[in-house]
Amino acid sequence: MFTAMKKYLLFFVLIFVGAESLSAQWKVGVQSGYSLNSISTTVGYFYDRKYESAAGLTVGVPVQYGFTDWFALGAELSYVQKNYCLQRSGYYSALHETVTNEYLSVPLYAHFSFGGKKLRGFLNAGVYGGAWLASHREGVELPAFPTPGPGNYQGVEESTDLYGYDEDVDFDDRRDNRIECGTMLGVGLQYQVLPFMQIFAEGRYYYSLTDMQKDYMINQVPRYNNTIGLQVGILFTVGK
Amino acid sequence: MKSKILLIAIIAVMMSGCRKDMPDMQNPRTDVHITNWYQWFDSYWNGMNYNYNFWDIDPTDWDEVYRTYGPRFEELKDKGFDDKEVNEAAFDMVKEMSASLVDGHFAVMAYMGEDTYAFSPITAQVEKRDNYHTSEDTWKGKVQSIEKMDEEGRFTEVLKGSVTEADGGNTTALAGVLDGDIIYFTFNQFMLYVHTLSDEEDAISLVLKQYHDLLDSYPDVKGVIVDVRSNGGGALLDLPLVLGKFVKEDHTFCYQHYKKGIGRLDFSPWIPGKLEAIGSMRTLDVPIVVLADMQSVSMAEMTTLAVLSLPNGVFIGERTFGGNGTLSANNDCFEERYDGYFKNNAMMAYTTNTAMTDLAGNSYEGVGVPPTIEVPYNAEQFALGVDTQLERAVSYIHAWK
């Protein structure tokens, strides 16, 4: 997997090596926004326990090196929450869990822009690598010893006192793959407020290529993050 | 520029193919048409792969089992189930691959026409323990010694009862006062609460009432003995009836978790298991002794752990059996916790829905709860009507050591 990634990355960089540096300049800034993550997996025959999308936060420090007025290479240090929910349905619909996963991500991308002098559209395309920093979960589960009384119930919450929890999750070295790599694609608008200051808004998609789990069992069901980011930011020109 | 964007798009499509495929999954509870041992192995191995509750602590290398036994079962796929010799050889392999599974409730069965093959790894392990004895041995000795003590006038306020249950089994219980100052309660299985559901009293509910009355009002109590030796377990709902008068409010005595996800190591949080307070007329600041032995299983072991979590609780006897999980032996219960037991037309895997630890996080699954004071089963003394484990409990209570 990683060898293939390196090949792709090298190929990707070589495409742009030939770009002429007519107006080379460095930009650095901050960005922040909303993330919406979903999990690509299967629930198999565990029919009504679904993985659902959950919202989170993203904050980053982007750095761009512009080769031309329409092309730059960018890199970031980004904190991205890649959250999800586990939700039962029907009689057990009261049972749920929201998982907050925190990642530190380093996207490397090509930045293409197009349009007028001040307002321009842009497209970011690249790859990212990152580390899974922490995990937290909160939810509601069946108690250890359910104590159903007599009666016809519409939901499990009527039959027994459910157990609520809110806890940090310890990583399991046997299971958890704390390195994540993938591709990213973003589109947005940028506006040159001042000669040295630019603001932007971007919609971004992170497509993970690494299972959240190590290969620790035969017939393993993989889990992949898919993350949408909606963010705004500001970039300052810091040098040529 | 267009060509570069096109190249990026091509790369993105190529990289999207880097994700792994999802495996095919077949619910082992479905009555699939299993016609040979290779299919049987596949259903059993995958059923355990996704539903077994102890992969975090189990020493069995289940992947190695697949690599080792998969090809051997594949060789049998043309044999069907008609050849008894083949069936026996195949089930011997099932025994080998299952021998180190740690679930103390675990048993695997293969249904081959009129023949049924069964294996319980922990039963085989318990039978190898020093001083092994059966539950029948213990009950025979208990009855003899209780009768002797009764004749000697050591037992007073005795009430015993026995009821045949709907499933044909028998529930037996006895409550009384030993040596004038120790409340004693014993019963053969945790099937007590069903006798409290009706307004009509029966032999078991009367024994329970006697036990509760003694706990509430018998004067000068020096201690309490709850005897779950060779008790095979049963209903979780019995716990407050047995110990609920020793706590003023609900009391956490263990933690349980269960599968929460398809992966072997996907679990729920550790959820506190609570002993429910049922109200008592007084606080008994006396030793609470639980007697248990190597045939004390499941709820009998949970009761032992619950007593050990009490400030005055002590466990006298032998290391228990080692099956601490809870179990619903019915495919229909699968959706409650999405794990554990499964059965189809060719097999049954009797495995629990939860795993359990004590308050310190120690798991005794497959090992058994160790006693605070070890007193081995003594067949010779039992034959003479002397219950050495019970006598040690009496001396502990009177000396509080």
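Residues numbered from 1 in each chain as written. Chains lettered and ligands numbered in written order. Predicted model: local features only at pLDDT ≥ 70, side-chain atom pairs only at ≥ 80, totals over all residues. Heavy atoms only, no water.

Colleague: I'd love a proper account of the sheet that holds strand β12 (residues 347–350) of chain B, names of residues and values included.
Modeller: Residues and elements named next belong to chain B. Taken together, four strands build an open sheet; the order of strands is β2-β1-β12-β11 and the sheet is antiparallel. Sheet topology places β2 (115–119) and β11 (342–343) at the edges, where each strand pairs with a single neighbour. As judged from the five bridges shared by strand β1 (residues 107–112) and β2, these two strands associate in the antiparallel manner. Its bridge partner lying in β2, M112 is registered against D115. Against the sheet, helix α2 (residues 37–51) touches β1, β11 and β12, its axis set at about 155° to β1. Across the sheet, helix α4 (residues 84–98) touches β1 and β2, and the angle it forms with β2 is around 20°. (Pairing = 2+ DSSP bridges. Helix = DSSP H or I, 4+ residues; strand = E, 2+ residues; numbered from the N terminus. Contact = heavy atoms within 4.5 Å. Axes fitted to C-alpha atoms, helices over the stretch in contact; angles between N-to-C directions.)

Colleague: Tell me about the pattern of salt bridges, and name the residues and values.
Modeller: When the charged atoms of two side chains lie near each other, side chains of opposite charge can form a pair. Enumeration over the complete set of coordinates arrives at 26 salt bridges over all chains. The shortest N-O distance in the salt bridge between B:D266 and A:R223 comes to 3.1 Å. Taken together, the residues B:D266 in the loop between β7 (251–257) and β8 (271–275) and A:R223 in the loop between β9 (197–208) and β10 (224–239) connect one chain to another. Overall, A:R223 belongs to the buried group, its relative accessible area being 9%. Each of the salt bridges in this network shares a partner with another, and the network as a whole consists of A:R175, A:D176, A:R223 and B:D266. (Salt bridge = Lys/Arg side-chain N within 4 Å of Asp/Glu carboxyl O. Buried < 20%, exposed > 50% of the residue type's maximum accessible area, 1.4 Å probe, protein only.)

Colleague: Tell me what's going on with the environment of A:G164, and back it up with residues and numbers.
Modeller: All names here are of chain A. Assignment of secondary structure puts G164 in strand β7 (residues 163–168). Between the alpha carbons of G164 and L142 there is a distance of 8.7 Å; along the sequence they are 22 residues apart. Setting aside chain neighbours within four positions, we find G164 in contact with G139 and V140.

Colleague: Break down unusual backbone geometry for me, with residues and values.
Modeller: Residues and elements named next belong to chain B. Its identity is not glycine, yet N131 carries a phi of approximately 60°, on the positive side. The topology assignment puts N131 in the loop between α5 (121–126) and α6 (135–151). You will see that D220, though not glycine, has its phi angle at about 55°, which is positive. Mapped onto the secondary structure, D220 falls in the loop between α7 (203–217) and β6 (223–227). Taking the relative accessible area as the measure of exposure, D220 reaches 60% and is therefore exposed.

Colleague: Pulling in residues and values, what's your account of a negative patch on the surface?
Modeller: A contiguous patch of negative charge on the surface is contributed by B:D82, B:D83, B:E85, B:E88, B:D92 and B:E96. Overall, B:E85 belongs to the exposed group, its relative accessible area being 66%. (Patch = residues over 30% accessible without salt bridge, like charges linked within 9 Å, V, L, I, M, F, W, Y side chains within 5 Å. Areas by Shrake-Rupley, 256 points an atom, 1.4 Å probe, with all protein chains shown as cover. Lys, Arg positive; Asp, Glu negative; His and termini not counted. Charge placed at Lys NZ, Arg CZ, Asp CG, Glu CD.)

Colleague: Break down the pairing of β10(A) for me, with residues and values.
Modeller: Residues and elements named next belong to chain A. As defined by bridge partners, strand β1 (residues 25–40) adjoins β10 across 15 bridges and the pair is classed as antiparallel. Its bridge partner being in β10, I39 is matched across the sheet by N225. Bridge count for β9 against β10 is 11 bridges, and the pairing is antiparallel. Its bridge partner being in β10, F200 is matched across the sheet by G233.

Colleague: An account of a nonpolar patch on the surface is needed here, citing residue identities and associated values.
Modeller: Residues and elements named next belong to chain A. A surface patch of nonpolar side chains, amounting to about 890 Å² of accessible area, comprises W26, L119, L189, Y191, V193, L194, F196, I199, F236 and V238. When residues of the nonpolar patch are traced back to their parent elements, those giving at least two are β8 (179–194) and β10. Element by element, the count of residues in the nonpolar patch is highest for β8, at four residues. For L119, the location among the structural elements is in strand β6 (residues 119–141).

Colleague: How would you explain the layout of surface pockets if you had to name every residue and give the values?
Modeller: Estimates place the volume of the largest pocket at around 830 Å³. Along the walls of the largest pocket sit 35 residues, with A:P146, B:L236, B:L327, B:S328 and B:E336 positioned nearest its centre. Put simply, the parts of the chain that give the lining of the largest pocket at least two residues each are α2 (156–159) of chain A together with α9 (299–308) and α10 (334–337) of chain B. (1 Å grid on protein atoms, 1.4 Å probe; cavity = no way out; pocket = protein on both sides within 12 Å on 5 of 7 lines; lining within 4 Å. Points joined across faces, edges and corners; volume = space filled by probe spheres on them.)

Colleague: Describe the sheet that holds β7(B), with residues and values.
Modeller: All names here are of chain B. Strand order in this open sheet of three strands is β8-β7-β13, and the pairing throughout is antiparallel. Each edge of the open sheet is held by one strand with a lone partner, namely β8 and β13 (355–357). Here the average twist between neighbouring strands, direction ignored, is 40°. As paired elements, β7 and β8 share five bridges and run antiparallel to each other. Within the sheet, the bridge partner assigned to Y255 lies in β8 and is P272. Most of the contacts of α9 go to β7, to which it runs at about 135°, and overall it touches β7 and β13.

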